[in-house]
Amino acid sequence: MKKSLISVAVMSLMASPLVIKSVQAQSNVTIYGTVDAGMRYQTHAGKDQLGNSKDSQLSANSGGLSAPHLGFKGEENLGGGNKTFFKLETGFDMNTGDNNSSSDTSIHGKKSENKSLFGRQAHLGISNQSLGQLTLGRQNTVGYDAIKDFDPTNNLNQKGLIHYLSGYRDLKNNHNRSDSTIKYQHHINRVTFLASYQSGNQVGSVKHGSSMAVGLKYRDANWSVGGSFTEIDVAKSAGTASKSSQSLGSTKIMNFGGEYRFNRWTFKTGMSYSKLPEIQRGSISQTAHHSSPERDQFASDVFVSAWGMQYQLSPKVDLGIAHYTKLQHDRKSRHLVDKDKSLVLTGVYKLSKQTDIYGFLDQHRNSNGVANGNRQRSQYGVTAGLRHKF
């Protein structure tokens, strides 16, 4: 009996360093997310075969203020100011529970019908206190990171107007997130430097289908500014032969934004310029069942300007107003081909640090019609809902 006890004690002592080492090497994993649901009323929601608007609509609404999502993030301290970290994040619809996040940059001109499990974020990184951090995988673009803090609606999900400032969405890209991306960030005092490269995954060419971006942000006690430049090469889908890799042109995006904070007031403004190439229908890829892009894209210049302000009425109540203008010109004729304006009034009541009741009014005007096939030039909406963060 004594020998057995001694044997157990010796084995425990021998194993204890391994156990301690294993515990120290474990990552700290956090589960986080946002749930957001409500109701929305919208005028001129329907249309007939001629494009004339019909009737209004009252509907259950998912993600009025923030897009519902669930995420996992973790990090491991490697010592000496070094650490590794990861983030996996998926989006979902509050009305149905369906996954609604997809890797839409990988299928040109058409959002993927095969929903990605972690279509919002899926990246792994390593960082050093002195040298900065490097991340690899699907993640926010530099253009989005540079401008997101200056969006006048605070990235209101319902209208998706942050897309205008991070870079006008062309037939190939959603400029808020990107696949197959390597991104570098480095903070020096109040300055943040950003740079990224997205692989085009093309045979025989490093440039074709790729994108490169640089950005800079500065944050002071009462004001902040930021901006970025992105160039995206549009490539014909390559087969196995290197000669099939072909560039069709490039999209160039510049954006700039800033904010000023004074007492209970926060003033925000931003602008972006996108230079879109001419891309003919089916020029990226053509099959019997699908053309990419699905429609022609003419060479154009897109200018976006935005301004807004938020006022803290009380510790629990925030009010806001924001206005966006988008102008698109045909580069050849210089004619104005699209004029789009949006006005948004918001109100948020904080029930707690994690739960909010919100409501907002919005007006959308477009010279060609408020939606594809809907020739109505103005549309109004009212949204109310509840949001909880965890």
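A.B. asks: Mind showing me how you'd approach the overall build of the protein chain here?
C.D. replies: A tally of regular secondary structure across the protein chain gives three helices and 21 strands. Sorting the 390 residues of the protein chain into buried and exposed places 43% on the buried side. Taking all contacts inside the protein chain whose residues are at least 6 apart in sequence as the whole, residues at least 24 apart take part in 56%. Carbon and sulfur atoms form 57% of the exposed surface of the protein chain, whose accessible area is close to 21,000 Å².

A.B. asks: Looking at this structure, how should I read the nonpolar core?
C.D. replies: Within soluble globular proteins, side chains that are nonpolar generally end up buried alongside one another. Ranked by internal contacts, the top residues of the largest apolar core, which has 19 residues, are Leu165 and Tyr324. Mapped onto this core, the elements with two or more residues apiece are helix 2 (142-147), helix 3 (162-166), strand 17 (300-314), strand 18 (317-330), strand 19 (336-350) and strand 20 (355-366). Residue contacts for leucine 165: discarding those within four places in its chain leaves Ile147, Asp151, Pro152, Asn255, Gly270, Met271, Ser272, Val304, Ala306 and Tyr324.

A.B. asks: For this particular structure, what's the right way to read the side chain of aspartate 36?
C.D. replies: Checked against the element boundaries, aspartate 36 lands in strand 1 (residues 28-42). Within the structure, the side chain of aspartate 36 is placed 3.1 Å from the backbone nitrogen of leucine 65, a separation counted as a polar contact.

A.B. asks: For this particular structure, what's the right way to read unusual backbone geometry?
C.D. replies: Most peptide bonds adopt trans geometry, and most residues besides glycine take a negative phi value. One non-glycine residue, serine 180, lies in the positive phi region at around 45 degrees. Among the secondary structure elements, serine 180 is positioned in strand 9 (residues 177-188). Under the relative-accessibility criterion, serine 180 is labelled partly exposed at 37%. Even without being glycine, asparagine 201 reaches a positive phi, approximately 55 degrees.

A.B. asks: Explanation requested: the pattern of salt bridges in the structure shown.
C.D. replies: Following the criterion strictly, the structure yields 18 salt bridges and no others. A salt bridge links arginine 40 to aspartate 362, with the nearest nitrogen and oxygen atoms 3.0 Å apart. Placement of the pair is arginine 40 in strand 1 and aspartate 362 in strand 20, with a sequence separation of 322 residues. Grouping residues by exposure puts arginine 40 and aspartate 362 together as buried. Aspartate 145 serves as the salt-bridge partner of lysine 183, at 2.6 Å between the closest nitrogen and oxygen. Here aspartate 145 lies in helix 2 and lysine 183 lies in strand 9, a separation of 38 residues in the sequence. The two residues lysine 183 and aspartate 145 agree in class, both being buried. In the salt-bridge network here, residues are joined through shared partners; they are Arg219, Glu259, Arg261 and Lys268.

Conventions adopted
Residues numbered from 1 in each chain as written. Predicted model: local features only at pLDDT ≥ 70, side-chain atom pairs only at ≥ 80, totals over all residues. Heavy atoms only, no water. Helix = DSSP H or I, 4+ residues; strand = E, 2+ residues; numbered from the N terminus. Buried < 20%, exposed > 50% of the residue type's maximum accessible area, 1.4 Å probe, protein only. Contact = heavy atoms within 4.5 Å. Areas by Shrake-Rupley, 256 points an atom, 1.4 Å probe, with all protein chains shown as cover. Core = buried A, V, L, I, M, F, W, Y, C linked by side-chain atoms within 4.5 Å. Polar contact = N/O pair within 3.5 Å; in protein donor to acceptor, adjacent residues only side chain to side chain. Salt bridge = Lys/Arg side-chain N within 4 Å of Asp/Glu carboxyl O.

Purely geometric stuff here, so don't read any function into it on its own.
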